[in-house]
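As a plain string of letters, each chain reads:
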Amino acid sequence: MALRNILKEGESTLKKRSRPVADFNERLWELLDDMAETLYEADGLGLAAPQVGVLRRVVLVLQPGADGEDTLIELVNPEIVEASGEQDGIEGCLSVPGVWGLVRRPMRVKLRAQDRHGKHFEIEGEGITARAFCHELAHLEGQLFTEVAHKILSEDEIEELMQERNEGAGEEKPE
Ligand code: NI
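Keep in mind that this is a model prediction, so the values were computed, not measured. (Residues numbered from 1 in each chain as written. Predicted model: local features only at pLDDT ≥ 70, side-chain atom pairs only at ≥ 80, totals over all residues. Heavy atoms only, no water.)

Asks: When you look at the sheet that holds strand E7 (residues 120-126) in this model, what are you seeing that I'm missing?
Replies: Ordered by their spatial adjacency, 5 strands build an open sheet running E1-E2-E3-E6-E7, and the pairing between neighbours is antiparallel. The sheet is open, and its two edges are formed by strand E1 (46-48) and E7, each paired on a single side. Sheet twist, expressed as the mean angle between neighbouring strand axes with direction ignored, is 40 degrees. Summarising the sheet, strand E2 (residues 58-63) and strand E3 (residues 71-84) pair through 6 bridges and their orientation is antiparallel. What sits directly across from Val 59, in E3, is Leu 75. In the packing of helix H1 (residues 26-42) onto the sheet, contacts are made with E1, E2 and E3, and the angle to E2 comes to roughly 40 degrees. (Pairing = 2+ DSSP bridges. Helix = DSSP H or I, 4+ residues; strand = E, 2+ residues; numbered from the N terminus. Axes fitted to C-alpha atoms, helices over the stretch in contact; angles between N-to-C directions. Contact = heavy atoms within 4.5 Å.)

Asks: In this structure, what is going on with helix H2 (residues 128-140)? I would like to understand it.
Replies: What sets the pattern is the α-helix's 3.6 residues per turn: residues three or four places apart point alike. In this model H2 runs 19 Å from its N-terminal to its C-terminal C-alpha over 13 residues, within 8% of the 18 Å that 1.5 Å per residue would give. Burial of H2 is extensive: 12 of the 13 residues sit out of reach of the surface. Taken from the residues just after H2, Gly 142 is the one with a positive phi, measuring 80 degrees. (Expected span 1.5 Å × (residues − 1). Buried < 20%, exposed > 50% of the residue type's maximum accessible area, 1.4 Å probe, protein only.)

Asks: Would you mind going over the coordination of the nickel ion with me for this structure?
Replies: Reference values for angles at a metal are 109.5 degrees in the four-donor tetrahedral case and 90 or 180 degrees in the six-donor octahedral case. At 2.1 to 2.4 Å from the nickel ion lie its protein donor atoms, namely Cys 93 (SG), His 135 (NE2), His 139 (NE2) and Glu 175 (O). Each of the 4 donor atoms around the nickel ion contributes to a set of angles spanning 89 to 127 degrees, which defines the coordination as tetrahedral. Of note, the donors binding the nickel ion are all from one chain and are spaced C-x41-H-x3-H-x35-E. Taken as a pair, His 135 and His 139 lie in helix H2 at a separation of 4 residues, close to a single helical turn. Judged by relative accessible area, which is 2%, His 139 ranks as buried. (Donors = N, O, S within 2.8 Å, 3.2 Å for Na, K, Ca; no water. Tetrahedral: all angles 85-135°; square planar, octahedral: opposite > 155°, others 65-115°.)

Asks: What is the right way to read the sheet that holds strand E5 (residues 96-105) from this model?
Replies: Within a sheet, adjacent strands bond to each other through the backbone by hydrogen bonds, running parallel or antiparallel. Taken in spatial order, the 3 strands line up as E4-E5-E8 in an open sheet, and their pairing is antiparallel. In the strand order of this sheet, the two ends are held by strand E4 (87-93) and strand E8 (151-152), each with one partner. Judged from the 7 bridges that link them, E4 and E5 form a sheet pairing that is antiparallel. Of the residues in E5, the one forming a bridge with Asp 88 is Arg 104. The strands touched by H2 are E4 and E5; relative to E4, the strand with the most contacts, the crossing angle is about 50 degrees.

Asks: Mind showing me how you'd approach the pattern of salt bridges here?
Replies: Two side chains with opposite charge may pair up if their charged atoms get near one another. In total, this model carries 11 salt bridges according to the counting rule given. With a closest N to O distance of 2.4 Å, Glu 141 and Arg 57 form a salt bridge. Residue Glu 141 is located in the loop between H2 and helix H3 (145-148), and its partner Arg 57 is located in the loop between E1 and E2; the two are separated by 84 residues in the primary sequence. The shortest N-O distance in the salt bridge between Glu 91 and Arg 105 comes to 2.7 Å. With a gap of 14 residues between them, Glu 91 in strand E4 and Arg 105 in strand E5 connect regions that are remote in the sequence. For the pair Glu 91 and Arg 105, a shared accessibility class is recorded, and that class is buried. Beyond isolated ion pairs, a larger network of salt bridges with shared partners links Arg 17, Arg 57 and Glu 141. (Salt bridge = Lys/Arg side-chain N within 4 Å of Asp/Glu carboxyl O.)

Here is the structure:
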């Protein structure tokens, strides 16, 4: 495993559409493993392959568990098959460090995807996980959250909101 460099806003790769994965081989597994290491190192909530310069439809999302243990979800060729409800909340991105904005996303999302061996599965996410699914899938279309945020927060607003959050559900992590 190796750490990969996370591209930052302004890099043209982040604006491009990613291509589907056709070969479920060692190259893909190495990418997934490297992305996981990179995500943990960066202390993020999710990471999409284009963020490490690979224009393939591959994303990782960390699903927070009630016991504090996160589950790493690997998604290859993911597609949203159902979305319902709405939430409005803070979003950040490892490719846009230090910037936080308010983004409206569905409250619940069902995805169809493949695992690292090509096996199809469906997975549902709610709340922060639904948000992360939507954020990461948007990366595959070349879209950053700053393009869909209805408000970019000032430093004072970030501090205020983070303090509120920290009293409740733990710290905010960029995606
Ligand atoms: Ni992101």
